[in-house]
Amino acid sequence: MKIKTIEIDEFDWLQRKNLVSAIIDVREESFFKKGHIRTSRNFPGKFISNYIPTILDFIETGVEDLYVISKKSCEYSTVVELALRTLGVNIIFVNFDSGEWKEIGGEKLERS
């Protein structure tokens, strides 16, 4: 299991190549509602440990990489990392900013 961080443009490239299969968004619910990747699910970082069983259900069997959408300065990144280590998959944090996402031409963000 590996943990790494990628920038938004690399994530966009991977997504366009259909190489991204599981995405969770650990930003606060208010940020998620303003705009999120269509196939992502919101599990706020502050409470990530409470969501581990749900995240396990969300991740399809055979998924090796879990992409984690977070703000560049996520105050809960250590908590999120420690909780997700238990899942047995590679954890790839994505430094996400909706403004940058629009600039690089990423897919239209969903609102909820």
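Note that the structure is a prediction, hence the values are computed from the model and not measured. (Residues numbered from 1 in each chain as written. Predicted model: local features only at pLDDT ≥ 70, side-chain atom pairs only at ≥ 80, totals over all residues. Heavy atoms only, no water.)

J.: Which residues make up the overall build of the protein, and what values go with them?
T.: Looking only at helices and strands, the protein has 5 helices and 5 strands in total. Going from the N terminus to the C terminus, the protein shows its helices and strands as β-α-β-α-β-α-β-α-β-α. Looking at the protein residue by residue over its 112 residues, the buried ones come to 43%. Nonlocal contacts in the protein, meaning residues at least 24 apart in sequence, comprise 68% of its contacts between residues at least 6 apart. Charge-centre separation for the protein: the mean point of 16 positive side chains lies 3 Å from the mean point of 18 negative side chains. (Helix = DSSP H or I, 4+ residues; strand = E, 2+ residues; numbered from the N terminus. Buried < 20%, exposed > 50% of the residue type's maximum accessible area, 1.4 Å probe, protein only. Contact = heavy atoms within 4.5 Å. Lys, Arg positive; Asp, Glu negative; His and termini not counted. Charge placed at Lys NZ, Arg CZ, Asp CG, Glu CD.)

J.: Outline the nonpolar core, listing residues and values.
T.: Ile24, Ile48, Ile55, Leu66, Val68, Leu84 and Leu87 are the most contacted members of the largest nonpolar core, which totals 18 residues. Taken together, the elements giving at least two residues each to this core come down to α3 (48-58), β4 (65-70), α4 (77-84) and β5 (90-95). When near neighbours in sequence (up to four residues on either side) are disregarded, Ile55 contacts Ile24, Phe43, Ile48, Leu66, Leu84 and Leu87. Grouped together as the second largest cluster of nonpolar side chains are 14 residues, Phe11, Leu14, Ile37 and Ile69 included. (Core = buried A, V, L, I, M, F, W, Y, C linked by side-chain atoms within 4.5 Å.)

J.: Tell me what's going on with the side chain of Ser70, and back it up with residues and numbers.
T.: Tracing the backbone through its elements, the reader meets Ser70 in strand β4. For Ser70, the contacting residues outside a window of four places in its chain are Val26, Arg27, Phe93, Val94, Asn95 and Phe96.

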